[in-house]
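Secondary and tertiary structure notes
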Amino acid sequence: MCGGHTVLTAPCWPEKRPPSLHLTLCEQALVTSGQLQYAVDPGGRLNGRLRVPGDKSISHRAIMLGSVAEGVTQVSGFLEGEDSLATLRAFRAMGVPIEGPHDGQVRVHGVGMHGLQTPQDVLDLGNSGTSMRLMSGLLSGAGLEVTLGGDASLSSRPMKRVTEPLGVMGAQVETTPEGTAPLRIRPDGRLRGIDYPMPLASAQVKSCLLLAGLYAEGATCITEPAPTRDHTERMLRGFGYSVRRSGARVCITGGGRLAGCDIEVPGDISSAAFFLVGASIAEGSDLLLEHVGINPTRGGVIAILRQMGADIEVLNEREVGGEPVADLRVRSAPLKGIRIPEDQVPLAIDEFPALFVAAACAEGETLLTGAAELRVKESDRIQVMADGLTTLGVAAQPTPDGISIRGAMLDGGTVESHGDHRIAMAFAMAGLRAGSPIVINDCANVHTSFPGFVELAGRVGVRVRYGAG
Ligand code: S3P
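These remarks concern the structure in this document. Fair warning: this is a prediction, and the values are worked out from it, not measured in the lab.

Each value, and the rule that gives it
- Residues numbered from 1 in each chain as written.
- Predicted model: local features only at pLDDT ≥ 70, side-chain atom pairs only at ≥ 80, totals over all residues.
- Heavy atoms only, no water.
- Phe/Tyr/Trp six-rings, centres within 6.5 Å; stacked < 30°, edge-to-face > 60°.
- Helix = DSSP H or I, 4+ residues; strand = E, 2+ residues; numbered from the N terminus.
- Buried < 20%, exposed > 50% of the residue type's maximum accessible area, 1.4 Å probe, protein only.
- Axes fitted to C-alpha atoms, helices over the stretch in contact; angles between N-to-C directions.
- Parallel < 35°, antiparallel > 145°, perpendicular 65-115°, else oblique.
- Left-handed = near helix turned anticlockwise from the far one by under 90°.
- Contact = heavy atoms within 4.5 Å.
- Nonpolar A, V, L, I, M, F, W, Y, C, P; charged D, E, K, R; others polar.

1. Comments concerning the packing of aromatic side chains
Enumeration over the complete set of coordinates arrives at six aromatic pairs. Note on Tyr 38 and Phe 453: the rings are 6.1 Å apart at their centroids and 25° apart in plane angle, and the pair reads as stacked. Highlighted residues: Tyr 38 in strand E1 (residues 38-40) and Phe 453 in helix H13 (residues 453-460), separated in sequence by 415 residues. Exposure class is identical for Tyr 38 and Phe 453. Each is buried. Taking the centre distance of 6.1 Å and the plane angle of 70° together, the rings of Tyr 38 and Tyr 466 count as edge-to-face. You can see Tyr 38 sitting in strand E1 and its partner Tyr 466 sitting in strand E23 (residues 464-466), a full 428 residues away along the chain.

2. Section: the packing of helix H5 (residues 160-168) against helix H6 (residues 203-213)
Two packed helices can be described by the angle between their axes and the distance between those axes. One can describe the packing of H5 onto H6 by two numbers: an axis separation of 10 Å at closest approach and a directional angle of 30°. Put simply, H5 runs roughly parallel to H6. H6 is crossed by H5, and the crossing has right-handed handedness. Taking contact as the criterion, the partners of Arg 161, Val 162, Pro 165 and Leu 166 in H5 are, on H6, Val 205, Cys 208, Leu 209 and Ala 212. A per-class count over the contact of H5 with H6 returns seven nonpolar, no polar and one charged.

Structure (structure tokens):
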């Protein structure tokens, strides 16, 4: 049994929880059987301090760039979640010697721009859109024949957004007739640089093309319709590669080399977001989130919560490995509903499940527009959140590109996460303000981005545990 629940067919024996917060055998059995459920008891407040796991976006990029660099890249604070581990395993399968992860330490022995080897099998990228979209660019240039696959969710997500511009660069990347994975990449001569006005604000598309651009003849330039996370640009510079930005346009010239370096991965603001919301909505909370990445292209969650009335202090700002980092102190505060500015949407794109819970606990109506992208994330986050909030007694009205949510007293009930990690964690926070227990189904994928979530959340006061018993 995990936490007293009996959904298992395999026996669960007493065991010590390893200090690294990895899954116990019991939890692993639940994950494998696809039955992982969270039960959240109502009430509580968040106190103390915590450090969330490493940033997922930066962890992926450290493996990718370290692999094609020359020399050793030493990564600390690496996210040992399933998504970034999928990237790590994929590069190992292409012949890159990678040591670790051991307590967040990974040592990548780069094979150089042209040193990757053809893998024997399809590269299974699990649930990870970032792995698939970024790797499609890098591998298009690297001259390998390779197929990228993933789970049911990843295999239903749109891939034409990367394969079409890659095609214009001269890459051969095939999708299914529906424009989805598996992606079959075939080596087809040298890529050509392009000048691409990106039709949507996507860091994954931008990064895919920059990584392909490393291998292209001439310059590859991308113009963003709105700012998106810039970790790829920052990290390329850290590896000694020139990236030029002028306003909304970013350019790279192919044919150079990357030099291995040390990377310290900060805590993931997307994981911290659950606690920023939890501590804001749970009366009497005072929580310190240590060593969180506060890159301005990821800062939407802080800006939006502050506009709603949240009390968030940014302390001890510093720069670590080219990325701004700070400690965030958050104290509970009464929130009010707002119209979310559309320019904040790409800057908070992964935080909306958590922000919707904040909106459900705010006074008045919160209105989100210009966020149709949320419908093609790990789940349709607009519909899935609207359904769950409705179950909890909140008036949540989805629209094609957003949602309106009217704050209310939250009931308990059983909600579906549809295997979406961020939906599961968002509803765990809703328990802080619910009138009775909440059960959340299908939570195994929390391990894609936040291993140890239940333990860490429990330690600071969230009444979440495994199983519904
Ligand atoms: C990511 C970019 C975003 C985000 C994803 C990670 C990245 O996706 O949602 O979780 O690491 O570049 P889009 O580029 O599709 O908005």
